[in-house]
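Observations on the three-dimensional arrangement
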Amino acid sequence: MLDAMIAEELINHMIPPLKPKDSAQKARLWMEELRCNQLPVVENEKFLGLITEDIILEANDEEKPVSEFELIGKNCFVYSGSHFYDVIKLASDHNVHMVGVLNEEGNYAGVITVQDTITSFAQSAAVQIPGGILVLSMNQINYSLAEISRLVEENNAKILSSSVKEDELDPAKLKVTLKINRLDLTHIVATLERFGYKIIARFQETKVLDEEKGKIDMLLKYLDI
């Protein structure tokens, strides 16, 4: 399930880290080979930040070691167990194309590129498998995904992905969005309503997918990928 995807599963092992003693020329060559314009810098397993092609070009001195450049994204990292949504948000907030990943000890484990994250999203079952979307409203104290899943499965259906957020108009309530592997949600809606769940929105797959693709396109444009 997409919503269970964590950072360590998205690490791009093809992108090596630079060392502070490496030259700007080496950084540029690696960027050309990897077709990227940012690279992580690591020393003694500690993530120091990112060096970019623009930073190197502005300095106009490829003999300089990486340590003499002002790196960006020094705090742009997540931990290996972080949710993949955190990667997208962090990259967007810092306007970078990749995010460092640290293990439980705080040591460097690799990087995740935003492009890889978007590709994984697009290829996930939650997007590819036909289905529909339901948005439920409920009191926080009454929320139980296990119970909702049981009611959905009673109608021979499965929840492909789910997301939960606080209702902006009432902090005591939650909005729960479900992607279900059924185009006809009539019986599922009837079952949920019979057990007291309030359905506040219902979408056909094509509409939601178009909206999701639009959000992805906007994000990619913002990050200039």
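Residues numbered from 1 in each chain as written. Predicted model: local features only at pLDDT ≥ 70, side-chain atom pairs only at ≥ 80, totals over all residues. Heavy atoms only, no water.

**Some points on the overall build of the protein chain**
Within the protein chain, the regular secondary structure consists of 8 helices and 9 strands. A burial count over the protein chain gives 44% of its 225 residues as buried. Once local pairs closer than 6 in sequence are excluded, the contacts in the protein chain between residues at least 24 apart make up 62%. Surface exposure of the protein chain reaches about 12,700 Å², of which carbon and sulfur atoms provide 49%. (Helix = DSSP H or I, 4+ residues; strand = E, 2+ residues; numbered from the N terminus. Buried < 20%, exposed > 50% of the residue type's maximum accessible area, 1.4 Å probe, protein only. Contact = heavy atoms within 4.5 Å. Areas by Shrake-Rupley, 256 points an atom, 1.4 Å probe, with all protein chains shown as cover.)

**Some remarks on the confidence of the model for the protein chain**
Per-residue pLDDT for the protein chain has a mean of 84; in total, 83% of the residues score no lower than 70. Considering only residues more than four positions removed or in separate chains, one finds that residues 218–225, a stretch of pLDDT under 50, has 17 contacts. (pLDDT = per-residue confidence, 0-100.)

**Re unusual backbone geometry**
Phi is positive for E45, which is not a glycine, with a value near 70°. Examined against the element boundaries, E45 turns out to sit in the loop between β1 (38–43) and β2 (46–52). Positive phi, close to 55°, is recorded for N95, a residue that is not glycine. Take N95: its relative accessible area is 42%, and that puts it in the partly exposed class.

**Some thoughts on the side chain of D22**
Position of D22 among the secondary structure elements: in the segment before α1 (24–34). The class of D22 is buried, set by a relative accessible area of 10%. When near neighbours in sequence (up to four residues on either side) are disregarded, D22 contacts K64, P65 and V66.

**Digging into helix α6 (residues 145–153)**
Among the residues making up α6, those that are buried are I148, S149, L151 and V152. Buried residues of α6, viewed axially, fall in a sector of 160°; they line one side. The secondary structure elements touched by the buried residues of α6 are β6 (132–139), β7 (159–167), β8 (170–180) and α7 (186–194). (Arc of directions from axis to C-beta.)

**Looking at the environment of E153**
Relative to the helices and strands, E153 resides in helix α6. Residue classification places E153 among the partly exposed residues on the basis of a relative accessible area of 40%.

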